[in-house]
Structure formats: C-alpha cells, structure tokens
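Topology and contacts: notes
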Amino acid sequence: MDSWYYPPGRQTLKSYWLHAAGSKSPTLPVQNEEKRNLELGGHVGFDRLPDQLVSKSVAQGFCFNILCVGETGIGKSTLMNTLFNTTFENEEASHYESDVHLRPQTYDLQESNVNLKLTIVHTVGFGDQINKEESYKPILEYIDTQFEKYLEEELKIKRSLCNYNDTRIHICLYFIAPNGHSLKSLDLVTMKKLDSKVNIIPVIAKADTVSRSELDKLKIKIMSELVSNGVQIYQFPTEDEAVAEINSSMNTHLPFAMVGSVEDVKVGNKMVKARLYPWGIVQVENENHCDFVKLREMLLRVNMEDLRDQTHARHYELYRRCKLEEMGFKDTGPDSQSFSLQETYEGKRKEFIVELQRKEEEMRQMFVNKVKETEAELKEKEKELHERFEQLKRMHQDEKKNLEEKRRELEEEMNAFNRRKVAAETLMGQALQGCSQQPFKKDKDKKNFFSLPSACSLTSGRNLN
C-alpha cells in the first residue's frame, strides 16, 4: 500500500500512472488530507495580464450606440451635442412626418488615446402622428434587426467578431416632455415594449421650463407610474464596491432632469455652457440647475462598460435564445446526452417540409374553393345579364311596336292633310276665277237697266197709286 501512495513532491504524475498501469491489481491513490500552499519564489509576470487586455482593447477601440427616443423638437440633438462637447451634423425634422423612421449617424471620436465609434440613432417623427398606436414598432424592428445582424455574424463559418461593427443599441435615452403632470400613454406603452430589448434611462427634457418643486413632484410621479405599470428601467449596478455608493445615490435621482446648450455664456470670469434668459442664466454643468453632470458621469465615465455588458449578456442573449429555440436548437437534455446539429437540422427540415406541404394543400384547397365561388358568382351574373337582356329585348319590341303605330297614324294624318290641301287649293282657284268674271256681269246688268224707261215709270206709277 505504501508503494501506491503518491507523496507530494516525491513522484511525478507521469511516473505514478506508469506504475499503476504495470500493476496487476491497481488501486486508487490515497488522497493527502493536507493541502499545500505554494508561494512564488520570484516574479513570474502574469500580473501584467490586465495591462495586456487594456492595451489590446485600446488598440481595437470601442463602440457605443445611443438611441434617442422622444418627440420632435424636445431637445435630443442639443443634448447629444452638449454631452460629447461637439456639434454633430443632424438634419432637422419637421412635425409632418407620416410615420416613424430611425436615422442612425456614426462618428469617430477620440479622447486622449482612446478611440470611440459613436452611433446616435434618432427617432424621426415619433409622437407626431394623430394615430400613435404603432409608433413603437419601427423602434423594436430596428433593435431586433441589429441583434439579427450580430447573430448572423456569430453563426457564420468564417466570422470575425473582433472586427465586426457592432450596431446593437447599448442605451436608450427616453425623453419625457415636462409640460405634463405625468407620463403619456405613448411613453408608458413604448417603454414597456422596449425594456426587454434595451437599457432605458428616462430623462426629463427642457427641465428649465418648470420650477424646482414641480420638477421634484414630476420625478416622483414618473417613477411611481413606471413601477405601477411594471416598466423595468436601467438601474446603475451596485455590485462593484468601487462604484456601489455613487451608483446607489444616482439611482435615487432617476429620472434625470436635463438642460442642453451649445452656447458659451460668460458667468463671472469664465465661459460655461448655459442658456441665457431675460430673468437669469441656467448653467448646464451646475448641479443645482439640472442633472446633466450626473447623467454624463453615470453614462460615460462610470457605467459605459456595464451598459455594453448588459446589452450583450442580457438583452442580446434573450434574443439569441429565443431565436435559436425557434430554429430548433436546444441544450443538453436531463439525460446528459448531447444533441446533433445534423439531426436538429434534418428534423427541422422535415418539419418545414411538412408545414410547407400543409400550407400548399391549404392554398390549393382555398384556390379551388375560390374558383368554385367565382364560377358560381359568374353564373349568377350571367343569369342576371340574360334576364336583363330579355327584359331589354321585350322593351325594345314594345317600343318598336309603339313607334310603328305612331308612324301609321302620322302617315294617315299626312294623307288627310294632303287631301284637305288639294281641296283647299281647288276652292281657292275657283274663287279666284269667279272674282275675275264678276265685273263684266255687273256692267251688262247696269246697261240693261238704264235702257228700260217705260218699265221703270210703270213701276213707279204703281207704287204711287
């Protein structure tokens, strides 16, 4: 038994197994109950591993993608310019957009020796339509599209994720209008749909338009409505002891009250970013005026890497898991048997073929039923047209008969008129002939009358007696 004991430091692992292989009755080695604590005799060098990671990360550069969701003219572009202390080229959007579309813009920034590829995505036309029921759908589609692109890159045979331009959204700044006593229905619905897709930080835009007391009440009301409606916003992590205290404190200030400005105003002896009003000056970097400094600290200086990690480890993994389950992939079962990608592919292919054949049969049956319905409709229409034709034919015959009768009546009237005309012309001729002969007759009668004096005297004599 002593020959099989494996004393630490006396035998090597190789010699022990060689000895065990040559024995006729191998037995298990006796475990040493005491554990050794080894100490390095000198400097090895793996304590420089974090420095190597830092150098590699700095050489590759970083990417950070911000989604700005809010109504047109609420101050999204101004805040981005103020946040990164630069002026980004951005086309102003009108209030007459027919639908919501996203406009990403990518910029290469450098601070010290760190390169940052910044992508700012604006929601053009959000909240401008009369019907806002589907305003959030283009935003969800854009986020899922970026997840889909990253998943396609992962599933490629030849992939290069280190050089891949990651366009997944790391943070969503949701701009809340200050001119209300609570959140709008559009705000609640949109944030509820987005909380499982992206990290959300709500901010109150143009906070200098309300008083301090109203702003505090508005913050409490907004957080109360978010909790009551189950909206999960991004909470700054408190696991790391180095940032636990400051993150815990900043979680109580959500939502941040924002004031943005790209104008330099002289206050005292120095120039600061501020907004100049007739009643005073609102300084952007003055924490008594707004929460701009808090947002910049939490978003860029303290928790940027956590936002990137949460996007990959939480939101993207949820999308990836659901997508792979839809494709038929699964993890190792309870019996610890691994699955075959080929079998999964073949099974999914058979299911797809069966489903395709079923849909094809349904479409064929639907087409046959549609053809039958169309034929029945055409026959009914043909019958109606035939009846209509017969009706029109009868009406045409009746009208033709009536016209023939009217024609005969008109012909008879024309014949009678012609007869009367001929008779009238005849009478007219006779009358004209009689008028031409009457003067000669009158002269003859007058001559005979004056040639009979005796007759006249006799007649006159009788009359006297």
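Cut-offs applied
- Residues numbered from 1 in each chain as written.
- Predicted model: local features only at pLDDT ≥ 70, side-chain atom pairs only at ≥ 80, totals over all residues.
- Heavy atoms only, no water.
- Helix = DSSP H or I, 4+ residues; strand = E, 2+ residues; numbered from the N terminus.
- Buried < 20%, exposed > 50% of the residue type's maximum accessible area, 1.4 Å probe, protein only.
- Areas by Shrake-Rupley, 256 points an atom, 1.4 Å probe, with all protein chains shown as cover.
- Expected span 1.5 Å × (residues − 1).
- Arc of directions from axis to C-beta.
- Contact = heavy atoms within 4.5 Å.
- Core = buried A, V, L, I, M, F, W, Y, C linked by side-chain atoms within 4.5 Å.
- Pairing = 2+ DSSP bridges.
- pLDDT = per-residue confidence, 0-100.
- Right-handed = clockwise from strand over helix to strand, strands pointing away.
- Salt bridge = Lys/Arg side-chain N within 4 Å of Asp/Glu carboxyl O.
- Patch = residues over 30% accessible without salt bridge, like charges linked within 9 Å, V, L, I, M, F, W, Y side chains within 5 Å.
- Lys, Arg positive; Asp, Glu negative; His and termini not counted.
- Charge placed at Lys NZ, Arg CZ, Asp CG, Glu CD.
- Axes fitted to C-alpha atoms, helices over the stretch in contact; angles between N-to-C directions.
- Parallel < 35°, antiparallel > 145°, perpendicular 65-115°, else oblique.
- Left-handed = near helix turned anticlockwise from the far one by under 90°.
- Nonpolar A, V, L, I, M, F, W, Y, C, P; charged D, E, K, R; others polar.

The number of helices and strands found in the protein chain is eleven helices and nine strands. Looking at the protein chain as a whole, 28% of its 465 residues qualify as buried. As displayed, the protein chain has an accessible area near 33,500 Å², and 53% of this comes from carbon and sulfur atoms.

Taking 1.5 Å as the rise per residue, helix H6 (residues 212–228) with 17 residues should run 24 Å; its terminal C-alpha atoms sit 24 Å apart, in good agreement. Those residues of H6 that sit buried are Leu215, Leu218, Lys219, Ile222, Glu225 and Leu226. Considered in projection along H6, the buried side chains sweep an arc of 140 degrees and stay on one side of the axis. The exposed set on the far side of H6, more than 90 degrees from its buried face, consists of Lys217, Ile220, Val227 and Ser228. Of the surrounding secondary structure, the elements contacted by the buried residues of H6 are strand S4 (171–176), helix H5 (185–194), strand S5 (200–204) and strand S6 (256–257). Of the residues one or two after H6, Gly230 is the one with positive phi, at around 70 degrees.

Our next topic: the nonpolar core. Residues Leu173 and Ile201 are the most contacted members of the largest nonpolar core, which totals 72 residues. Residue contributions to this core peak at seven residues, all from helix H4 (residues 137–155). Beyond its immediate sequence surroundings of up to four residues, Leu173 is in contact with Ile66, Leu67, Cys68, Val69, Met80, Ile201, Val203, Leu295 and Leu299.

On to the sheet that holds S5. Strand order in this open sheet of six strands is S2-S3-S1-S4-S5-S6, and the pairing throughout is mixed. This sheet does not close on itself; its edge strands, each paired only once, are strand S2 (101–111) and S6. The pairing of S2 with strand S3 (residues 114–124) spans eleven bridges and is classified as antiparallel. By the bridge assignment, Tyr107 is partnered in S3 with Leu118.

On to the confidence of the model for the protein chain. When pLDDT is averaged across the protein chain, the result is 82; 85% of the residues are at 70 or more. Low pLDDT, under 50, characterises residues 1–28; the stretch is placed with 23 contacts to residues that sit more than four places away or in other chains. Every residue in residues 452–465 is under pLDDT 50, and counting partners more than four places away or in other chains gives one contact.

On to the pairing of S5, then. Counting buried positions along S5 gives five out of five residues, so the element sits mostly inside the fold. Relative to S5, S4 runs parallel, the two sharing five bridges. Directly across from Leu173, in S5, lies its bridge partner Ile201. You can see the chain leave S4, run along H5 and come back into S5, and the turn it takes is right-handed. In this sheet, S6 lies alongside S5 in parallel orientation, the contact comprising two bridges.

Let's shift gears to the pattern of salt bridges. Per the counting criterion, the structure on display carries 23 salt bridges. Between Arg320 and Glu154 there is a salt bridge whose closest N-O contact spans 3.7 Å. Remark: Glu154 occurs in helix H4 and Arg320 occurs in helix H9 (residues 304–326); sequence separation between them is 166 residues. Residue Arg168 is joined to Asp166 by a salt bridge in which the shortest nitrogen-to-oxygen separation is 2.8 Å. A residue is classified by how much of its surface remains accessible, and Asp166, at 11% relative accessible area, is buried. Ionic contacts of the salt-bridge type, sharing partners, join the residues Lys219, Glu287, Asp291 and Lys294 into one network.

Let's shift gears to a negative patch on the surface. There is a patch of like negative charges on the surface, built from Glu404, Glu405, Glu409, Glu412 and Glu413. With respect to the helices and strands, the residue Glu409 is situated in helix H10 (residues 341–450). Using a relative accessible area of 46% as the deciding quantity, one classes Glu409 as partly exposed.

With that out of the way, let us pick up the sheet that holds strand S8 (residues 270–277). Spatially, S7-S8-S9 is the arrangement adopted by the three strands of the open sheet, whose pairing is antiparallel. One side of each edge strand has no neighbouring strand; the edge strands of this open sheet are strand S7 (264–267) and strand S9 (280–283). Between one strand axis and the next, the sheet turns through 65 degrees on average, direction left out of account. Bridge analysis of S8 against S9 gives four bridges, and the strand direction is antiparallel. Opposite Arg275, over in S9, you have Val282 as the bridge partner.

So, on to the packing of helix H7 (residues 241–251) against helix H8 (residues 292–302). Where H7 contacts H8, the two axes come as close as 11 Å, and the packing angle between them is 140 degrees. As far as their axial angle goes, H8 and H7 are oblique. The two elements H7 and H8 cross, and the hand of that crossing is left-handed. Across the interface between the two elements, Val243, Ile246, Asn247 and Met250 of H7 pack against Lys294, Met298 and Val302 of H8. Residue classes in the contact of H7 with H8 are distributed as five nonpolar, one polar and one charged.

So, on to the environment of Ser182. Following the sequence through the fold, Ser182 ends up in the loop between S4 and H5. A sequence separation of 37 residues divides Ser182 from Lys219, and the C-alpha atoms of the two residues are 8.8 Å apart. The contact partners of Ser182, leaving out residues within four places of it in the chain, are Leu218, Lys221 and Glu225.

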